[in-house]
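Spelled out from the first residue to the last, the chains are:
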Amino acid sequence: LCCGCWKMEEVDDILIATLRQLGVLVGDSVKSVKQFTPDIIVHAVVSCLRVVNPNTAFPTVMPPEMSARFRICANLADTLTGLGYQGELGFHQFLYPNEEDSRKMLRWLVERLSKG
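These lines cover the structure that appears in this document, whether it is placed above or below. The shown structure was predicted, so the numbers you read here are calculated from the model rather than taken from an experiment.

1. Quick notes on a nonpolar patch on the surface
- Together, Met66, Phe70, Phe91 and Tyr96 line one region of the surface with nonpolar side chains, adding up to about 400 Å² of accessible area.
- With a relative accessible area of 39%, phenylalanine 70 lands in the partly exposed category.

Here is the structure:
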C-alpha cells in the first residue's frame, strides 16, 4: 500500500475493502478515508488489532461518555505506539480525525495484518 505508487483513491479502496472484510461497519456510501467518523476509525483500529493480537480488549463501539471515549482513544494511541507506529498519534487522531493521519495509521495497521 505504498502511497507513492498508488493514487489515494486506490489506497482508500483497498483500505475500505479490507476493513469491510474484517467486519468494520463502513457504509456503502463511504468511498474515502476522508469520510471516516471517529466511530469508524476506532472500530477499524480495534478490528485490526484483534487480528494481530486476538487478546485485544478494546471495545469496537465507543461509549457515549466523552471521558470514556478519551480514555479508549488515548489507550489505543499508546498501544499503536507500543507496536511501533511512528506517526504522530494521540487521542485527537481518533476523536478528531483528519484524512492524512487516518490514512497513514490505517495503512500501517493493514500492512501489519499480513505480518500478524
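2. Brief notes about the side chain of arginine 69
- Checked against the element boundaries, arginine 69 lands in helix α3 (residues 66–82).
- Residue classification places arginine 69 among the buried positions, given a relative accessible area of 15%.
- Excluding residues that lie within four positions of it along the chain, arginine 69 makes contacts with Pro38, Asp39, Met62, Pro63, Pro64 and Leu95.

3. Section: the nonpolar core
- Counting 34 residues, the largest nonpolar core has Phe36, Val45, Leu76, Leu80, Phe94, Met105 and Leu106 as the members making the most contacts within it.
- Counting only elements with at least two residues in this core, the list comes to α1 (8–21), α2 (38–52), α3, α4 (91–95) and α5 (99–113).
- Looking at this core, the element that brings in the most residues is α2, giving eight residues.
- Apart from residues lying up to four places away in sequence, phenylalanine 36 is in contact with Ile16, Leu19, Val26, Val30, Ile41, Pro97 and Leu106.

4. Looking at the environment of leucine 25
- Mapped onto the elements, leucine 25 comes out in the loop between α1 and α2.
- C-alpha separation for the pair leucine 25 and isoleucine 40, spaced 15 residues apart in sequence, amounts to 6.9 Å.
- Excluding its chain neighbours within four sequence positions, the residues that come into contact with leucine 25 are Ile40 and His43.

The rules behind the values
Residues numbered from 1 in each chain as written. Predicted model: local features only at pLDDT ≥ 70, side-chain atom pairs only at ≥ 80, totals over all residues. Heavy atoms only, no water. Patch = residues over 30% accessible without salt bridge, like charges linked within 9 Å, V, L, I, M, F, W, Y side chains within 5 Å. Areas by Shrake-Rupley, 256 points an atom, 1.4 Å probe, with all protein chains shown as cover. Salt bridge = Lys/Arg side-chain N within 4 Å of Asp/Glu carboxyl O. Buried < 20%, exposed > 50% of the residue type's maximum accessible area, 1.4 Å probe, protein only. Helix = DSSP H or I, 4+ residues; strand = E, 2+ residues; numbered from the N terminus. Contact = heavy atoms within 4.5 Å. Core = buried A, V, L, I, M, F, W, Y, C linked by side-chain atoms within 4.5 Å.

Purely spatial values, then, with no claim about function.
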